[in-house]
Amino acid sequence: MNKQTRLITQEEYELILKTLRNGYEHNGVVRKPNEKLCMILICEANLGCRISDVLSLKLSSFQMLDSRCVINITEKKTGKERKFSCNIQFYNFLLEYCIRKGITNKNRRIFDIHERAVQKSLKQVCEYLQLEEIGSHSFRKFFATNVYTKSNFNIAYTQRVLMHSSPATTLRYIGMEEKELERILQETVNIPKF
């Protein structure tokens, strides 16, 4: 999707997923609960992968090494190999989904859906919720912002996780524009009281 998407908030994330999980009616059309789309967006928000890479995931993409789960993929956009850890709680959540859906073949894609269908369904739910400028990439930005915050605002670490070429790209990506940096600098003061 070429249109610029924005970062979503925690509240928007939860609202979108809840609406998809429960189903909704918009403009006289009933939309059934959509667990698959929910899971795809949860994957993007927890792995930080682009939608094309989430849709390529197979059970064989995940490996248990000692007590941690490691994902090994080749990014579709860059062609780069990417190997990274994933939260074991998330991995178990994904396994439960696969069991419920009868996905046992380790070499079968977990999600048999095309990117356009994901974008279309997400657009419909966002129109219903009156949320603008949200696409699947908003969930990758959500992941990036959470990593940035939980890493104590370590931009180098966040850049590495996203495989960006520069910190400036990552800062723009998570919504930290020059104006915001300037505001932070103006509000940062540490003058001792004598």
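Keep in mind that what you see is a predicted model, and the values were worked out from it rather than measured.

Engineer: A description of the sheet that holds strand S4 (residues 68-74) should follow, citing residues and the corresponding values.
Structural biologist: Sheet strands pair by backbone hydrogen bonding; their relative direction is either parallel or antiparallel. In spatial order, the strands read S3-S4-S5; together these 3 strands make up an open sheet with antiparallel pairing. Either end of the sheet is taken by a strand with one partner, and the two such strands are strand S3 (62-65) and strand S5 (81-86). In this sheet, adjacent strand axes meet at a mean angle of 30° when their direction is disregarded. Where S3 and S4 come together, 4 bridges link them in antiparallel fashion. Residue Met 64 lies in a different strand from S4, and its bridge partner there is Cys 69. Contacting S3, S4 and S5, helix H4 (residues 88-100) crosses the sheet at an angle of about 135° to S3.

Engineer: Would you mind going over the layout of surface pockets in detail, with residue names and values included?
Structural biologist: Quantified by volume, the largest pocket comes out at close to 840 Å³. Around the largest pocket sit 26 residues that line it, and Asn 46, Leu 47, Ser 85, Phe 143 and Val 147 are the ones nearest its centre. If you list the elements that add at least two residues to the lining of the largest pocket, you get helix H1 (10-22), helix H2 (35-47), S5, H4, helix H6 (137-150) and helix H7 (155-162). Partitioned by chemical class, the residues of the lining of the largest pocket number 14 nonpolar, 7 polar and 5 charged.

Engineer: Account for the pattern of salt bridges, naming residues and giving values.
Structural biologist: Inspection of every chain in the model, using the stated rule, returns 6 salt bridges. For the salt bridge of Glu 35 with Lys 101, the shortest nitrogen-to-oxygen distance reads 3.2 Å. Here Glu 35 is found in helix H2, whereas its partner Lys 101 is found in the loop between H4 and helix H5 (115-129), with 66 residues between them in sequence. Lys 36 serves as the salt-bridge partner of Asp 112, at 2.7 Å between the closest nitrogen and oxygen. With a gap of 76 residues between them, Asp 112 in the loop between H4 and H5 and Lys 36 in helix H2 connect regions that are remote in the sequence. In this structure Asp 112 comes out as partly exposed when scored by relative accessible area, which is 48%. Residue Lys 36 is classed as partly exposed on the basis of its relative accessible area of 25%. Residues participating in the shared-partner salt-bridge network are Glu 35, Arg 100 and Lys 101.

Engineer: Please give an account of H5 that cites residues and values.
Structural biologist: Between its first and last C-alpha atoms H5 spans 21 Å; for 15 residues at 1.5 Å apiece the expected length is 21 Å, and the two agree. Within H5 the residues assigned to the buried category are Val 118, Gln 119, Leu 122, Gln 124, Val 125, Cys 126 and Leu 129. Gln 130 sits one or two positions beyond H5 and adopts a positive phi of about 60°.

Engineer: How would you sum up the packing of aromatic side chains? Please name residues and give values.
Structural biologist: Under the defined criterion, the tally for this structure stands at 6 aromatic pairs. Ring geometry for Tyr 24 and Tyr 128: centres 4.6 Å apart, planes at 25°, overall stacked. With Tyr 24 in strand S1 (residues 24-26) and Tyr 128 in helix H5, this pair connects stretches of sequence that are 104 residues apart. Accessibility expressed as a relative area gives 33% for Tyr 128, which makes it partly exposed. Where Tyr 97 meets Phe 111, the ring centres are 5.8 Å apart and the plane angle is 35°; that geometry is what we call tilted. Linking Tyr 97 in helix H4 with Phe 111 in the loop between H4 and H5, this pair joins segments that are 14 residues apart in sequence. Overall, Phe 111 belongs to the buried group, its relative accessible area being 0%. Joined through ring pairs, the aromatic side chains of Tyr 13, Phe 139 and Phe 142 make up one cluster. The ring of Phe 84 has Arg 82 lying over it, and the distance from NZ or CZ to the ring centre is 4.2 Å.

Engineer: Any chance you could break down H7 for me, citing the residues and the numbers?
Structural biologist: Those residues of H7 lying buried are Thr 158, Gln 159, Val 161 and Leu 162. Down the axis, H7 shows its buried residues gathered within 160° of arc, on one side only. Buried residues along H7 sit in contact with S5, H6 and helix H8 (167-173). Between a side-chain oxygen at the N-terminus of H7 and the backbone nitrogen of Ala 156 the separation is 3.1 Å; the capping residue is Asn 154. Backbone geometry just downstream of H7 places Met 163 in the positive-phi region, at approximately 60°.

Conventions and cut-offs
Numbering of residues starts from 1 in every chain and runs along the sequence as written. Selection of residues for local features in this predicted model requires a pLDDT of at least 70, selection of side-chain atom pairs for listing and counting requires 80 or more, and totals for whole chains, interfaces and linings are taken over all residues. Heavy atoms throughout the structure, all of them, feed into the side-chain values; hydrogens and water do not. Should DSSP find at least two bridges between two strands, the strands are taken to pair. Here a helix means four or more residues in a row that DSSP labels H or I, a strand means two or more in a row labelled E, and each is numbered from the N terminus. Angles run from 0 to 180 degrees between N-to-C directions of axes, and those axes are lines fitted to C-alpha atoms, restricted for helices to the stretch in contact. Any two residues whose heavy atoms approach within 4.5 Å are treated as being in contact. Cavities and pockets are defined on a 1 Å grid built over the protein atoms alone: a cavity is a set of grid points where a 1.4 Å probe fits but cannot escape, while a pocket is an open set with protein on both sides within 12 Å along at least five of seven lines, and lining residues are those with an atom within 4 Å of any such point. Grid points are joined across faces, edges and corners, and a volume is the space filled by probe spheres set on the points. All amino acids are sorted into three groups, where Ala, Val, Leu, Ile, Met, Phe, Trp, Tyr, Cys and Pro are nonpolar, Asp, Glu, Lys and Arg are charged, and the leftover types, Gly among them, are polar. What makes a salt bridge here is a side-chain nitrogen of Lys or Arg within 4 Å of a carboxyl oxygen of Asp or Glu, nothing more. For every residue, the accessible area obtained with a 1.4 Å probe (protein chains only) is divided by the maximum for its type, and the residue is called buried under 20%, exposed over 50%, and partly exposed between those limits. Working rule for helices: expected span equals 1.5 Å times residues minus one. Pairing of aromatic rings covers Phe, Tyr and Trp, the last counted by its six-membered ring, and requires centre-to-centre distances within 6.5 Å; plane angles under 30 degrees mean stacked, over 60 mean edge-to-face, and any other angle means tilted. Criterion for a charge above a ring: Arg CZ or Lys NZ at most 6 Å from the ring centre, at most 35 degrees from the ring normal. By definition, the arc is the one covered by directions from the helix axis to the C-beta atoms. In the analysis that follows, any N or O atom pair within 3.5 Å is treated as a polar contact, provided that within protein one partner can donate a hydrogen and the other can accept it, and provided that, for residues neighboring in sequence, both atoms belong to side chains.

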